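Structural features, examined
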Amino acid sequence: MTDVDARRRAEARALAELALVELGGAVGGIHNVHRAVSDRIFKGVGLGLPRAARPAKLIHDTIADGIYKAVGTTAKGAGQVAGQTVDVRLDGGKLLSETSRGAALMSIVAGLRGDVLETEGSPLVSPMAVRVDGVVVPPESTALAAAFPQATGRLVVFLHGLMETEMAWRLGGRASYGELLIDELGVTPVFLRYNSGRRVSANGRSLSELLEQLVAAWPVPVEEIALVGHSMGGLISRSAAYQADSDGKYWVRRVHHLICLASPHMGAPLEQLVHFASAGLNVLPETRPFGRLLRRRSVGIRDLRQGSLVDGDWDGREVDALSKAVLQDVPLLDGVMHCFVTAQISRSPSRPLGKLIGDGLVLMPSGSGRSKRRIIGFREEDGLHVSSANHLSLLNHPAVYDKLVVWLSTAPIAISK
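Residues numbered from 1 in each chain as written. Predicted model: local features only at pLDDT ≥ 70, side-chain atom pairs only at ≥ 80, totals over all residues. Heavy atoms only, no water.

An unreviewed UniProt entry lists the protein chain under the name Alpha/beta fold hydrolase, from Antrihabitans cavernicola.

**Topic: the layout of surface pockets**
The method is simple in principle: a probe with the dimensions of a water molecule rolls over the atoms, and the space it marks as empty is what remains. Space inside the largest pocket adds up to approximately 660 Å³. Around the largest pocket, the lining comprises 27 residues; the ones closest to its centre are Leu-112, Leu-162, Met-163, Arg-297 and Ile-301. Elements with a minimum of two residues in the lining of the largest pocket: α1 (3-46), α3 (100-120), α8 (269-281) and α9 (288-294). Element by element, the count of residues in the lining of the largest pocket is highest for α3, at five residues. Grouping the constituent residues of the lining of the largest pocket by class yields 18 nonpolar, three polar and six charged. Of the volumes computed, that of the second largest pocket is approximately 440 Å³. When residues of the lining of the second largest pocket are traced back to their parent elements, those giving at least two are β1 (129-132), α5 (177-185) and β4 (188-193). Residue classes in the lining of the second largest pocket are distributed as eleven nonpolar, seven polar and seven charged. (1 Å grid on protein atoms, 1.4 Å probe; cavity = no way out; pocket = protein on both sides within 12 Å on 5 of 7 lines; lining within 4 Å. Points joined across faces, edges and corners; volume = space filled by probe spheres on them. Helix = DSSP H or I, 4+ residues; strand = E, 2+ residues; numbered from the N terminus. Nonpolar A, V, L, I, M, F, W, Y, C, P; charged D, E, K, R; others polar.)

**Describing the nonpolar core**
Membership of the largest hydrophobic core comes to 46 residues, with the highest contact counts inside it found for Leu-192, Trp-218 and Trp-251. Counting only elements with at least two residues in this core, the list comes to β3 (154-159), β4, α6 (200-217), β5 (224-230), α7 (232-247) and β6 (255-261). Setting aside residues no more than four positions away along its own chain, Leu-192 makes contact with Met-128, Ala-129, Val-130, Val-157, Phe-158, Leu-159, His-160, Glu-166, Leu-207 and Leu-210. Among the nonpolar cores identified, the runner-up in size contains 29 residues, and Trp-169, Leu-261, Leu-394 and Val-405 belong to it. (Core = buried A, V, L, I, M, F, W, Y, C linked by side-chain atoms within 4.5 Å. Buried < 20%, exposed > 50% of the residue type's maximum accessible area, 1.4 Å probe, protein only. Contact = heavy atoms within 4.5 Å.)

**Description of the packing of α6 against α7**
Orientation of α6 relative to α7, taken along the N-to-C sense of each, is 60°, at an axis distance of 7 Å. Classified by the interaxial angle, the pair formed by α6 and α7 is oblique. Crossing angle aside, the handedness with which α6 passes α7 is right-handed. Each of Val-200, Ser-201, Asn-203, Gly-204, Arg-205, Leu-207 and Ser-208 in α6 lies in contact with α7, whose residues at this interface are Met-232, Leu-235, Ile-236, Ser-237, Ser-239, Ala-240, Gln-243 and Ala-244. A per-class count over the contact of α6 with α7 returns seven nonpolar, seven polar and one charged. (Axes fitted to C-alpha atoms, helices over the stretch in contact; angles between N-to-C directions. Parallel < 35°, antiparallel > 145°, perpendicular 65-115°, else oblique. Left-handed = near helix turned anticlockwise from the far one by under 90°.)

**Quick look at the pairing of β1**
Judged from the two bridges that link them, β1 and β4 form a sheet pairing that is antiparallel. Of the residues in β4, the one forming a bridge with Ala-129 is Arg-193. When β1 meets strand β2 (residues 135-137), the two strands line up antiparallel, connected through three bridges. If you follow Arg-131 over to β2, its bridge partner there is Val-136. Connecting β1 to the next strand, β2, in antiparallel fashion are two residues, including Asp-133 with a positive phi near 55°. (Pairing = 2+ DSSP bridges.)

**What about a nonpolar patch on the surface?**
A cluster of nonpolar side chains, Leu-270, Leu-273 and Leu-361, forms an exposed patch at the surface whose accessible area comes to about 280 Å². Relative to the assigned elements, Leu-361 resides in the loop between α11 (352-357) and α12 (364-367). (Patch = residues over 30% accessible without salt bridge, like charges linked within 9 Å, V, L, I, M, F, W, Y side chains within 5 Å. Areas by Shrake-Rupley, 256 points an atom, 1.4 Å probe, with all protein chains shown as cover. Salt bridge = Lys/Arg side-chain N within 4 Å of Asp/Glu carboxyl O.)

**Observations regarding the sheet that holds β4**
An order of β2-β1-β4-β3-β5-β6-β7-β8 is seen for the eight strands of this open sheet, with the pairing classed as mixed. Every other strand in the sheet has two partners, leaving β2 and β8 (383-386) as the edge strands with one partner each. With strand direction ignored, the average angle separating the axes of adjacent strands in the sheet is 30°. Helix α13 (residues 398-408) rests against β3, β5, β6, β7 (337-343) and β8 of the sheet, and its axis sits at about 170° to β8.

**Structural notes on empty space enclosed by the protein**
The final tally for this structure, using the stated rule, is three cavities of 30 Å³ or more. Here the largest cavity defines a volume of roughly 200 Å³. As for the largest cavity, its lining consists of 16 residues, and the residues nearest its centre are Arg-199, Arg-302, Arg-305, Arg-317 and Val-319. Considering only residue class, the lining of the largest cavity consists of five nonpolar, three polar and eight charged. In this structure, the second largest cavity occupies an estimated 50 Å³ of space. Where the lining of the second largest cavity is concerned, the elements lending two or more residues are β3, β5 and β6. A class-by-class count of the residues in the lining of the second largest cavity yields six nonpolar, two polar and two charged.

**Notes on α3**
Over its 21 residues, α3 runs only 25 Å from end to end, short of the ideal 30 Å by more than 12%, given 1.5 Å per residue. Along α3, the helix axis deviates most sharply at Arg-113, where the bend reaches about 90°. Inspection of α3 places Gly-102, Ala-103, Met-106, Ser-107, Val-109, Ala-110, Gly-111, Arg-113, Gly-114, Asp-115 and Leu-117 among the buried residues, and these make up the whole buried set. (Expected span 1.5 Å × (residues − 1). Bend = angle between axes of the 7 residues up to and from the residue.)

**Observations concerning the packing of α5 against α13**
As a packed pair, α5 and α13 sit with axes 11 Å apart at the nearest point and diverge in direction by 45°. Looking at the two axes, α5 sits oblique to α13. As α5 packs across α13, the resulting crossing turns out to be right-handed. Here α5 contributes Tyr-177, Leu-180, Leu-181, Glu-184 and Leu-185 to the contact with α13, which in turn contributes Val-400, Tyr-401, Leu-404, Val-405 and Leu-408. A breakdown of the residues in the contact of α5 with α13 according to their chemical character gives nine nonpolar, no polar and one charged.

**A look at α13**
Of all the residues in α13, the buried ones are Val-400, Tyr-401, Leu-404, Val-405, Trp-407 and Leu-408. Along α13, the residues classed as buried sweep out an arc of 170° about the axis, all on the same side. Residues of α13 that are buried make contact with β3, α5, β5, β6, β7 and β8. (Arc of directions from axis to C-beta.)

Here is the structure:
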């Protein structure tokens, strides 16, 4: 068996095992809900008929507990067996993570549970890496020269968002921004994939380390770097630039543009809702399993609550605390052109629905980095608002591409590095 075959089987088995083990856990949650509801019902009945209610409750609990335990144990056991026996055959000898469908499925799993899976050493998540056609390209001179035979000194680095992969930039089957920019501006697009279930600050650190290695091993001298991040990818770009600047990394001196597409700089309302909903559901026995389920979301998702960028935003803090954390001020880099794109599903920005839900996940004040309490510092003239668009459509939108061409053709006001 080749190394690729072994890795392919490991990915497939891990995915099958995770699915069945999670099913077993879901059965346990349903059991807890059933038991809490039945306890409340029998308690009510018992107020009038205490002696009559007790035998019925005992019989009910014994049967129900036995059934749920059997189903849950069977599912978890099947998952463990699957982890040892499942095989998979893919055309072209590709890993599951190198195919579009396999990568998409694994990216969802990573977004939801990537922090835990990384700790467990699961093959379902992998370190941040450059990818070409789904395949990892090590940041080494020989590998980079082979993967980028037409390499130029102008790099545009693309970072996807939560539960996405580098393939998401080809939304709708269209050519990605990076592919179009090759002919338009003569740049070299570099697409990255990362575990979006990790902390934003941890991924920022990984991005900084990867870019330091990439620049050192790039086939030609690197003159300019532009970072383009969608959603969480924009936050990671800002985190990486800030950490690199603080650490004196070389690569950050080459950054001329940092562009955020629908990034929740002030936080995402959906994660804020889930945060408080999980606390509310955790109060009653009947809803507690649902609260626990929501609380299993990854720390990467949790970082979207306020738009956390550095370790100090969460280190030593209870993850389920209801009060807002005081975030560290992360300034924009001097001499770098910072741009942003926001969207609304409505045609007019003034319509109530558009203001209420924005692009479906991020509101305009958050995406533009400007609210009543915080101001990131983006210049209004360096922003673009797209109407009748949703969060994902910004991954491949004509108006966004046209603006990227303009921005990447414009030198920053001052390069102070």
